[in-house]
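# Structural description and commentary
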Amino acid sequence: MTATSFPLPSTAPWRRWLPALAWGLGLGGLAAMLVLHIESVQAGRGIQGGFGFLFQPAGFRISESLLNVTPEDPYWMSLAAGLVNTLTVAVVAIPLATVLGVGLGFLGLSSNPLAARTAALVIAPLRNTPVLLQLFVWYGLLLRLPDLREAWSPAPSVLLSNRGLALPALHGWLPYAGVALAALALGWRARRRWSGSTQRAALAAALAALLAAAAIAWALLPSMQIDLPVKRGLGLRGGWQPSIEFAALTIGLVVFHAAYIADIVRGAVRAVPVGLVEAGQSMGLTPFKVLRLVIAPYATRVALPPYANQCMALVKNSTLAIAIGYQELMAVINTAITQTGLALEGIALAVAVYLALALCLGGGLSAWNARNTRHGPGDTHGARLGDRAFGNDAGGKPGTLRGKTVSAILTLLLAAVAWSLLEWAVLRAVWSGDPMACANAAGACWAAVGENLPLLIYGAMSEAHREPALVACLALLAAIAVALGAHRLPPRLRVALLTALFGIAVAALTGWPWGGDFIGPQRWGGLLVTLILAIAALVAAVPVAFGLALLRRSGSHAGSWAAAGLIEAVRGVPLVTQLLFASFVLPMLLGGGVSKFGMALAALTLHTACVLAEVLRGALQAIPPGQMMAARALGMRPAVAYTCVIWPQARRIAAPAALGVFVGAVKDTSLVSIIGVFDVLGAAKAVVAGTDWRPYHVEVYVAVALLYLAASLALSQVARRMEGRGKH
């Protein structure tokens, strides 16, 4: 009897997907174990997990929101009000930052050297100081405005005081806005429908759609009402009254991101091929038409991807409102976690919302980018505008009468500003003394910095620990100087110096070998925390980033997907959320005993590593595959080939962009004060929290800003030097 055999499916697909399945099951099992452990810790504290708390009364009020929420309303309504506040900030700040950034970008492109240098002087300090520090400065400046009785009125029914801004409010506008959007969509469709006919017919169809929508709105919708703010007693009634916190957050985000958008605009315009501009000029186009019809469309295609990143960064940076008391989404979630103890659920909601916002905003801008690039890149050969002097007639050429006039006006303005700053900062400044010595001074009170310098350097460290801390700070600063500035030293000598300096810092803090006190992270404060946190995060992030970049480029589908998921999740979630996750969840995972410094270091390392991994992945992709094939053909193992062939080339390619990531990481150390780490910015906040030195917060924050500015400019200078070496 012959046995019957059944054909079996090919095992090749199963062999290909088995590793992916194993990766997925392993990661899923690990995540389930961590979640169950956190839930058991919460249950041990008498906290019932789950998202049922969303339907319980919140018990706190949202002081400012377009949604009217009371303490009796459930948590989900409070979270919705916080989300509306986040979106309000984004809707207001993104257009303003775009307009300001485009203006600064074109000013930097001016053929007038004085105008270009003015733009550079404005952009450099804004880009190289932490945004949180800038928010504190704006918040303090707005609090110095006159009170409501002496409110400044720059326009009718517009009041500005230390309580905020009061503007006329338009009620009932939302239905009209919906009708207007529908009319614009109909007009666009009508124009496309009749695009084959005459232009007059297409415009007539679009106009007919707009008139029809206006008639329907006038007949069916209720009328809009204008509500004007009016002084009543000691307060205001009516109108829209955004708070000082909202104004400080909006101004800070607008100014900070406008500096980055200005560089994006400048780089995009300089990337326009000269041939396209010359072709437009040969057709008899005016300079304005060349700008509008030739330069702007091409530059838009170049600028859209980095501009999209800045828009998403602005939305994520709105979480810094938690530091100045504005109740946006992350601040509301933080309050909910504090009240309920449900850290895992709260952080999960924050991650989901911010990833959804990033997906929506990034998807919309990506669709816009795809539409603008559907005809291909255009002319990709020949000289660019960046290779020549950009002819911007708005600034006036230096040799013409108009250019000389503009230069004279700018010179006078800059001289007036420089004299005012010199008079305030030096000539009329108070350099020593108590707060009473600064009370009647017309200039800066640098005594606020000098008298509180021990607090800024050492934090709350005891007198016995300050001398070892100073030795450690000096050793770390010297190590940074050697790493960044001593590029002419032989590599072995540089490594020896770095080893010796780091050894001195470790010996000063551990008390070995001379038997001094051990100074642990719980006792660190001030400048010492900022230095150690920045150095440790950068050193730890490099190997993690390299591993993630290799894993994402590996042939394993599951490993590549896991690395991509981690990288995109970390990049899409605000760093404030990651710091709060570390402060709430890490103690539950590790059973307590985790210092706040360790929590901050873990969050900063992971965030920096994920951002740096994308830079390294791009550098690895830029290396021809034949390099690895040639190395393997010579008998090198993969590890040896990566170490001796691939990594040296990738490091040289990635160095400028990686140093840009390092600059961002140094500035990100200022955020650790949100979870209670007493760094140099936290020490500055402690100085201005007292009633004696509170009026001189600008001087204190300027001193801290100079520290970050010096570090950022030093790293930027190294990046330029490496980029110049790469060109040669």
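Residues numbered from 1 in each chain as written. Predicted model: local features only at pLDDT ≥ 70, side-chain atom pairs only at ≥ 80, totals over all residues. Heavy atoms only, no water.

## Digging into the overall build of the protein chain
Basically, it comes down to this: Numbering of helices and strands runs from the N terminus, with a helix taken as a DSSP run of H or I at least four residues long and a strand as a DSSP run of E at least two residues long. Type-normalised accessible area, obtained with a 1.4 Å probe on protein chains alone, sets the label of each residue: buried when under 20%, exposed when over 50%, and partly exposed for intermediate values. Any pair of residues with heavy atoms lying within 4.5 Å of one another is described as a contacting pair. Only the protein chains shown count as cover for residues, and the accessible areas themselves come from Shrake-Rupley with a 1.4 Å probe.
Per the secondary structure count, the protein chain includes 25 helices and seven strands. Here the protein chain, with 728 residues, has 41% of them falling under the buried criterion. Taking the contacts inside the protein chain whose residues are at least 6 apart along the sequence as the reference set, 72% of them involve residues at least 24 apart. Carbon and sulfur atoms make up 67% of the accessible area of the protein chain, which amounts to about 38,600 Å² in all.

## Overview of the sheet that holds strand E2 (residues 158-161)
Under the convention used in this document: Here, a strand pair is defined by DSSP locating no fewer than two bridges between the strands. Angles shown run from 0 to 180 degrees and are taken between the N-to-C directions of axes, each axis being a line fitted to C-alpha atoms and, for helices, limited to the stretch in contact.
Strand order in the open sheet made by the three strands is E1-E2-E3, with antiparallel pairing throughout. Every other strand in the sheet has two partners, leaving strand E1 (152-155) and strand E3 (164-166) as the edge strands with one partner each. Neighbour to neighbour, the strand axes of the sheet diverge by 25° on average, direction disregarded. As defined by bridge partners, E1 adjoins E2 across two bridges and the pair is classed as antiparallel. Opposite Ala-155, over in E2, you have Val-158 as the bridge partner.

## Some points on helix H24 (residues 680-689)
Most of H24 sits out of view: seven of its ten residues are buried. Every buried residue of H24 is listed here: Val-680, Leu-681, Gly-682, Ala-683, Ala-684, Val-687 and Val-688.

## A short note on the nonpolar core
Threshold: Note on terminology: a nonpolar core comprises buried Ala, Val, Leu, Ile, Met, Phe, Trp, Tyr and Cys residues joined through side-chain atoms within 4.5 Å.
Counting 167 residues, the largest nonpolar core has Leu-249, Met-330, Trp-524, Leu-528, Leu-579 and Leu-612 as the members making the most contacts within it. Excluding its chain neighbours within four sequence positions, the residues that come into contact with Leu-579 are Ala-600, Ala-603, Leu-671, Val-672 and Ile-675. Counting residues in each nonpolar core, the second largest holds six residues, with Ile-123, Leu-126, Ala-259 and Ala-262 among its members.

## Description of the side chain of Thr-577
Its location among the elements puts Thr-577 in helix H20 (residues 575-590). Assessed through its relative accessible area of 1%, Thr-577 is described here as buried. Excluding residues within four positions of it along the chain, Thr-577 makes contact with Met-330, Ile-347, Ala-350, Val-351 and Tyr-354.

## Quick notes on the packing of aromatic side chains
As a reminder of what qualifies: Here a pair means two rings of Phe, Tyr or Trp (six-membered ring of Trp) with centres within 6.5 Å. Their orientation is stacked below 30 degrees between planes, edge-to-face above 60, and tilted elsewhere.
Under the counting rule described, the total for this entry stands at ten aromatic pairs. Ring centres of Phe-246 and Tyr-326 lie 5.7 Å apart, and the angle between their planes is 55°; on these two criteria the pair is classed as tilted. Within this pair, whereas Phe-246 is found in helix H7 (residues 244-270), its partner Tyr-326 is found in the loop between helix H9 (287-317) and helix H10 (329-340), the two being separated by 80 residues in sequence. For Phe-246, a relative accessible area of 5% puts it in the buried group. Aromatic ring contacts, followed pair by pair, group Phe-53, Phe-60 and Tyr-75 into a single cluster.

## Topic: helix H8 (residues 274-282)
What counts is decided by this rule: By definition, the arc is the one covered by directions from the helix axis to the C-beta atoms.
Of all the positions in H8, only Val-274, Val-277 and Gly-280 are classed as buried. With its buried residues spanning 125° around the axis, H8 presents them on a single face. Residues of H8 that are buried in the fold lie against H9. Of the residues flanking the end of H8, it is Gly-284, one or two places downstream, whose phi is positive at about 85°.

## Some thoughts on the packing of H8 against H9
Rules: Angle categories are assigned with fixed cut-offs, so that under 35 degrees is roughly parallel, over 145 is roughly antiparallel, 65 to 115 is roughly perpendicular, and the rest are oblique. For a crossing to be left-handed, the near helix must be turned anticlockwise from the far one by less than a right angle; the clockwise case is right-handed. Only Asp, Glu, Lys and Arg are considered charged in this grouping, and only Ala, Val, Leu, Ile, Met, Phe, Trp, Tyr, Cys and Pro are considered nonpolar; every other residue, Gly among them, is considered polar.
Look at H8 against H9: their axes get within 10 Å of each other, and the N-to-C directions meet at 160°. Here H8 lies roughly antiparallel to H9, going by the angle between them. Viewed along their axes, H8 and H9 form a crossing whose handedness is right-handed. Residue-level contacts link Leu-276, Val-277, Gly-280 and Gln-281 of H8 to Val-290, Val-294, Ile-295 and Tyr-298 of H9. Class assignment of the residues belonging to the contact of H8 with H9 gives a composition of six nonpolar, two polar and no charged.

## Things to note about the state of the cysteines
Inclusion rule: Note that a disulfide, as used here, is simply two cysteine sulfur atoms within 2.5 Å.
One pass over the full model with this rule turns up one disulfide. Across the disulfide from Cys-438 sits Cys-445; the S-S distance is 2.0 Å. Torsion about the S-S bond of the Cys-438 and Cys-445 cystine: about 65°, corresponding to right-handed handedness. Side by side, Cys-438 and Cys-445 carry an identical accessibility label, which is buried.

## Overview of the pairing of E2
Side chains Val-158 and Leu-160 of E2 all project onto a buried face; the interleaved residues Leu-159 and Ser-161 project onto the opposite face, where all are buried too. Bridge count between E2 and E3: three bridges; the pairing is antiparallel. Its bridge partner lying in E3, Leu-160 is registered against Leu-165. The antiparallel hairpin formed by E2 and E3 contains two residues in its connecting segment.

## Some thoughts on the pattern of salt bridges
Rules: Within this document, salt bridges are pairs made up of a side-chain nitrogen of Lys or Arg and a carboxyl oxygen of Asp or Glu, the two lying within 4 Å of each other.
What the rule picks out here adds up to nine salt bridges. Residue Arg-552 pairs with Glu-568 through a salt bridge whose shortest N-O separation is 3.2 Å. Of this pair, Arg-552 sits in helix H18 (residues 527-552) while Glu-568 sits in helix H19 (residues 557-572); the two residues are 16 residues apart in sequence, bridging distant segments of the chain. Given a relative accessible area of 18%, Arg-552 falls into the buried group. The exposure class assigned to Glu-568 is partly exposed, which follows from its relative accessible area of 36%.

## Notes on a nonpolar patch on the surface
Let me state the cut-off plainly: Nonpolar side chains (Val, Leu, Ile, Met, Phe, Trp, Tyr) within 5 Å and like charges within 9 Å form the patches, drawn only from residues with over 30% relative accessible area and no salt bridge.
On the surface, a nonpolar cluster with roughly 430 Å² of combined accessible area is contributed by Leu-170, Met-224, Ile-226, Leu-228 and Val-230. If you trace the backbone, Leu-170 turns up in strand E4 (residues 169-171). Given the relative accessible area of 39%, Leu-170 is considered partly exposed.

Shape is all these values report; function is a separate question.
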